[in-house]
Amino acid sequence: PAAANASRRAVTRRHTADRPATRAYRSCMDLPVALAVTAAVLGIAAIAGFLLTRARGRATTPTNEQRFGAGALPGLDALAPGSTLVLFSTEFCASCPSTRRMLGGVVKGRDDLDLIEVDLTHRADLARDLRILQTPTIFALDADGVLRTRCGGAPRREHVLAAIDAVTTERQPA
């Protein structure tokens, strides 16, 4: 056994003697290049995060006209004379309870507004048909049931009030 170990050591020495000593870790790129690539990736991620966060909760006007009559959505029994707000939520949505409270405060005391909530937890078909990709999502319907404003994400109160004003002023005669 001792002779076999000595012979193995000699073979190992002979095969490694002609190669220069190498570091345990051999870099595939220089440090300045690695730092530049890392900085570029972090910059792109920061810009993308800023843009996505900025767009979340903003009201948008749909490009195609969608009409929802009474009974078209769960809980939509009748339309309010001014605007009906439809809150789409799920059981696992973290910002849905605060959005529900905020919308309830907006609707409270106004006879021309109504708020209904649709739970999408077990209604993936409805979410797919309405192209709801995040919760909360809010639809602002006019008195005829036409979708006037759509808001994905938790909106700020002023965005909701502006959307309601836009829907109700469209209904008033000039």
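Per chain, residues are indexed from 1 in the order of the written sequence. Thresholds applied to this predicted model are a pLDDT of at least 70 for local features of residues and 80 or more for the giving and counting of side-chain atom pairs; totals over whole chains, interfaces and linings are not thresholded and use all residues. In computing side-chain values, all of the structure's heavy atoms are included and hydrogens and water are not.

Just to check I follow, could you spell out the layout of surface pockets for this structure?
Where empty space is left becomes clear once a probe the size of a water molecule has been rolled over the atoms. Every definition here rests on a 1 Å grid over the protein atoms only: cavities are sets of points where a 1.4 Å probe fits but cannot get out, pockets are open sets enclosed by protein on both sides within 12 Å along at least five of seven lines, and lining residues have some atom within 4 Å of a point. Grid points are joined across faces, edges and corners, and a volume is the space filled by probe spheres set on the points. For the second largest pocket, the calculated volume is near 170 Å³. Residue lining of the second largest pocket: 11 residues in total, with P62, N64, Q66, R131 and R150 positioned closest to the centre. Polar here means any residue other than Ala, Val, Leu, Ile, Met, Phe, Trp, Tyr, Cys and Pro, which are nonpolar, and Asp, Glu, Lys and Arg, which are charged; Gly is therefore polar. Tallied by class, the residues present in the lining of the second largest pocket amount to 3 nonpolar, 5 polar and 3 charged.

Would you explain the nonpolar core in this entry?
One broad rule of soluble globular proteins: the nonpolar side chains tend to lie buried together. Membership of the largest hydrophobic core comes to 15 residues, with the highest contact counts inside it found for F68, L73, V86, F88, L130 and F139. Going through the elements one at a time, β2 (83-89), β3 (113-119), α4 (124-129) and β4 (137-142) are the ones with two or more residues in this core. Residues within four places of F139 in sequence aside, it is in contact with F68, T84, L85, V86, F88, L130, I132, L147, T149 and R150. Ranked by size, the runner-up nonpolar core spans 13 residues in total, among them L103, V106, V107 and I138. Residues grouped as a nonpolar core are buried Ala, Val, Leu, Ile, Met, Phe, Trp, Tyr and Cys residues, joined through side-chain atoms within 4.5 Å. Only protein chains enter the accessibility calculation, which uses a 1.4 Å probe; a residue is then buried when its area is under 20% of its type maximum, exposed when over 50%, and partly exposed in between. Secondary structure elements follow DSSP: runs of H or I no shorter than four residues count as helices, runs of E no shorter than two count as strands, and numbering proceeds from the N terminus. What makes two residues a contact is simply this: any of their non-hydrogen atoms within 4.5 Å.

Explain the environment of I138 to me, please; I cannot follow it from the model alone.
Relative to the helices and strands, I138 is located in strand β4. C-alpha separation for the pair I138 and V118, spaced 20 residues apart in sequence, amounts to 10.0 Å. Setting aside its immediate chain neighbours within four residues, I138 contacts V86, L87, T99, L103, T149, R150, C151 and P155.

Looking at this model, I keep getting lost on the pattern of salt bridges. Mind explaining?
The working definition used for a salt bridge is a side-chain nitrogen of Lys or Arg within 4 Å of a carboxyl oxygen of Asp or Glu. Overall, the coordinates contain 5 salt bridges when judged by the stated rule. For the salt bridge of R123 with D125, the shortest nitrogen-to-oxygen distance reads 3.3 Å. Given a relative accessible area of 31%, R123 falls into the partly exposed group. Residue classification places D125 among the partly exposed residues on the basis of a relative accessible area of 35%. A salt bridge links R156 to E158; its shortest N-O distance comes to 3.5 Å. Of the residues examined, R156 reaches a relative accessible area of 47% and is grouped as partly exposed.

Please explain the packing of aromatic side chains as it appears in this structure.
Working definition: an aromatic ring pair is given by the centre-to-centre distance plus the angle between the planes. When the centres of two rings from Phe, Tyr and Trp lie within 6.5 Å, Trp using its six-membered ring, the rings pair. Their planes under 30 degrees apart give stacked, over 60 give edge-to-face, and anything left gives tilted. In this structure the tally under the stated criterion is 2 aromatic pairs. Seen from their ring centres, F68 and F139 are 6.0 Å apart, and the 40° between their planes marks the pair as tilted. Taken together, the positions of F68 in the loop between β1 (59-60) and β2 and F139 in strand β4 put the pair 71 residues apart, joining distant regions of the chain. In this pair, the class of F68 matches that of F139, namely buried. Taking 4.8 Å as the distance between ring centres and 70° as the angle between the ring planes, the aromatic pair formed by F88 and F139 counts as edge-to-face. Pair noted here: F88 is in strand β2 and F139 is in strand β4, with a separation of 51 residues, a long-range link.

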